[in-house]
Amino acid sequence: TGKALDAVRAYTARWAAQRDSGEGILLTGPVGTGKSHLAAALTLAVAQTHAARMEKVPSLMRRLAATYAPDARESQGVILRRLREADLLMLDDIGAERWTEAREEWMFEIVDERVEGCKPLVVTSNLPPDDLVPLVGLRTVDRIVGSCVWVDMAGATSYRQERAEKRWAPGGGHRG
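Cut-offs used in this document
Residues numbered from 1 in each chain as written. Predicted model: local features only at pLDDT ≥ 70, side-chain atom pairs only at ≥ 80, totals over all residues. Heavy atoms only, no water. Helix = DSSP H or I, 4+ residues; strand = E, 2+ residues; numbered from the N terminus. Buried < 20%, exposed > 50% of the residue type's maximum accessible area, 1.4 Å probe, protein only. Contact = heavy atoms within 4.5 Å. Areas by Shrake-Rupley, 256 points an atom, 1.4 Å probe, with all protein chains shown as cover. Polar contact = N/O pair within 3.5 Å; in protein donor to acceptor, adjacent residues only side chain to side chain. Salt bridge = Lys/Arg side-chain N within 4 Å of Asp/Glu carboxyl O. Axes fitted to C-alpha atoms, helices over the stretch in contact; angles between N-to-C directions.

Draft legend 1. Main features of the overall build of the chain. The helix and strand tally for the chain stands at nine helices and five strands. From first element to last, N terminus to C terminus, the chain shows the α and β order α-α-β-α-β-α-α-β-α-β-α-α-β-α. Here the chain holds 176 residues, and 39% of them are scored as buried. Considering only residue pairs separated by 6 or more positions, the chain has 77% of its internal contacts joining residues 24 or more positions apart. Accessible surface for the chain amounts to roughly 9,500 Å². Of this, 53% is attributable to carbon and sulfur atoms.

Right, here's the structure in full:
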């Protein structure tokens, strides 16, 4: 995770250039390795001076699907406009949502508009780009990979698992 932390710090330090170039960052790796934590820290740092948005992709997909309901509280247009207008958009856990054609199209539209508008993305996933293709589509993955620096945290271990092991170690806690 040291490599990922260094990459996120460097990205944050170069934010003005990143904003102008549209270059983003893709953090991939196993569950519990700190991808979301690093992405949130980067997004919050940017939010000090610029419009930044954090979205958990499965929740975002449910919100977009809910816009079809007659009593919908939000419209697709409003949701997509907010994503488009942010200087930085963090998409957390891409590929964790259940695939549907509609979700693939929404992800493509979101990512494509960001890339075409030279607006940076911060993306996290438990899956490497090749494994994302069947879940979010080749067009979307191609644009993410083409516009983001890829930081693979494949060798990292789960922070939550390590904490649990310490908690349950002899003398480290009790089982209820």
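Once the structure has been displayed, the description carries forward.
Draft legend 2. The side chain of Q76, seen in detail. On the secondary structure map, Q76 appears in helix 5 (residues 76–85). At 3.2 Å, the side chain of Q76 and the side chain of Y68 are in polar contact. Aside from chain neighbours lying at most four places away, what touches Q76 is L64, T67, Y68 and W106.

Draft legend 3. The pattern of salt bridges, seen in detail. Counted by the stated rule, this structure contains nine salt bridges. The salt bridge involving E74 is made with R63; its shortest N-O contact spans 3.1 Å. Taken together, the positions of E74 in the loop between helix 4 (57–66) and helix 5 and R63 in helix 4 put the pair 11 residues apart, joining distant regions of the chain. For R82, the salt bridge goes to E74, with nearest N and O atoms at 2.8 Å. With a relative accessible area of 35%, R82 lands in the partly exposed category. Taken together, the shared-partner salt bridges connect R53, E55, R63, E74 and R82 into one network.

Draft legend 4. How the structure looks around the packing of helix 4 against helix 5. Where helix 4 meets helix 5, the closest approach of the two axes is 8 Å, and the angle between their N-to-C directions is 145°. Contact residues: L60, R63 and L64 in helix 4; Q76, I79, L80, R82 and L83 in helix 5.

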